[in-house]
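Read off the chains here:
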Amino acid sequence: MANTRSGRPRDERIDSAVRAATVDLLNEVGYAALTLEAVAVRAGTSKPALRRRWRGRQHLVVDALAATVGTSPTPDTGCTHCDLIAGIQTLTEAFTTKIGRRVLPALVADLADDPELAETFLNRYFHPRRATTAEALRRGIERGDLSPDTDIDLLLDMLASTTYYRVLFGHLPVTEGLAKQVVETILAGVATPHWRNHHH
């Protein structure tokens with residue numbers, strides 16, 4: 001999580017340059033070899049400037065991941081399955097890049113040993129993304145597409161877990177059509193007859 005110390009207003013241009021430099025370097029050298037010094041040089045700033053903004057390398061990576069993958073991925077188009085596919089598709093797009101394959105497994109390992117970093121990851125990246133998809137599911141219930149007794153938390157886990165599972169273990173590829181396949185498979189189990197009649 002970025003630091004919130006008082007003082008001069010933050011220069012968002014520096015923040016943007018640092019995030020972009022972090023993503024570039026993650027793609028080039030991977031997570032383990034990433035250093036604040038290299039990010040500072042690439043961004044045209046200094047290591048102390050990074051230290052004032054982020055508590056460490058891992059926190060910077062979480063911030064860059066949130067900026068890259070996005071924290072509000074699921075739109076409101078009036079179409080339940082379209083919204084869910086769009087939201088999950090952002091994971092597919094992110095994790096078919098080097099940054100996804102090379103960063104997420106190593107970062108998750110660090111979360112296990114650093115409760116503060118884990119909290120930052122959840123609050124900065126995980127929960128905001130999850131909340132927008134939860135809203136899409138609630139809209140689906142309201143418009144009659146999903147069963148009113150749908151377990152939203154369980155459904156959220158099921159929607160995203162296939163992508164995360166494949167990224168973490170690498171046993172199968174994260175394909176372009178995976179998001180659509182996952183959403184349609186899940187909706188076949190929880191959608192109402194109204195939704196099935198309209199879309200099939």
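Computed from a predicted model, the values in this text were never measured in an experiment.

**Student:** I tried to follow the layout of surface pockets on my own but got confused; where do I start?
**Tutor:** In this approach the atoms are scanned with a rolling probe the size of a water molecule, which exposes any empty space left behind. In this structure, the second largest pocket occupies an estimated 210 Å³ of space. Taken together, 15 residues line the second largest pocket, and the ones lying closest to its centre are Phe-126, Arg-130, Leu-156, Ala-160 and Tyr-164. Those elements that provide at least two residues to the lining of the second largest pocket are helix H5 (80-95), helix H7 (115-142) and helix H8 (152-169). Looking at which element gives the most residues to the lining of the second largest pocket, the answer is H8, with six residues. In the lining of the second largest pocket, the residues fall into nine nonpolar, three polar and three charged.

**Student:** I would appreciate a short explanation of the state of the cysteines in the present structure.
**Tutor:** In a disulfide, the sulfur atoms of two cysteines are covalently bonded to one another. A complete count under the given rule lists one disulfide for this structure. The disulfide bridge from Cys-79 ends at Cys-82, spanning 2.2 Å between sulfur atoms. Here Cys-79 and Cys-82 share a disulfide; its torsion about the S-S bond, 65°, makes the bridge right-handed. Overall, Cys-79 belongs to the buried group, its relative accessible area being 16%. For Cys-82, a relative accessible area of 35% corresponds to the partly exposed category.

Calculation criteria
- Residues numbered from 1 in each chain as written.
- Predicted model: local features only at pLDDT ≥ 70, side-chain atom pairs only at ≥ 80, totals over all residues.
- Heavy atoms only, no water.
- 1 Å grid on protein atoms, 1.4 Å probe; cavity = no way out; pocket = protein on both sides within 12 Å on 5 of 7 lines; lining within 4 Å.
- Points joined across faces, edges and corners; volume = space filled by probe spheres on them.
- Helix = DSSP H or I, 4+ residues; strand = E, 2+ residues; numbered from the N terminus.
- Nonpolar A, V, L, I, M, F, W, Y, C, P; charged D, E, K, R; others polar.
- Disulfide = S-S within 2.5 Å.
- Buried < 20%, exposed > 50% of the residue type's maximum accessible area, 1.4 Å probe, protein only.

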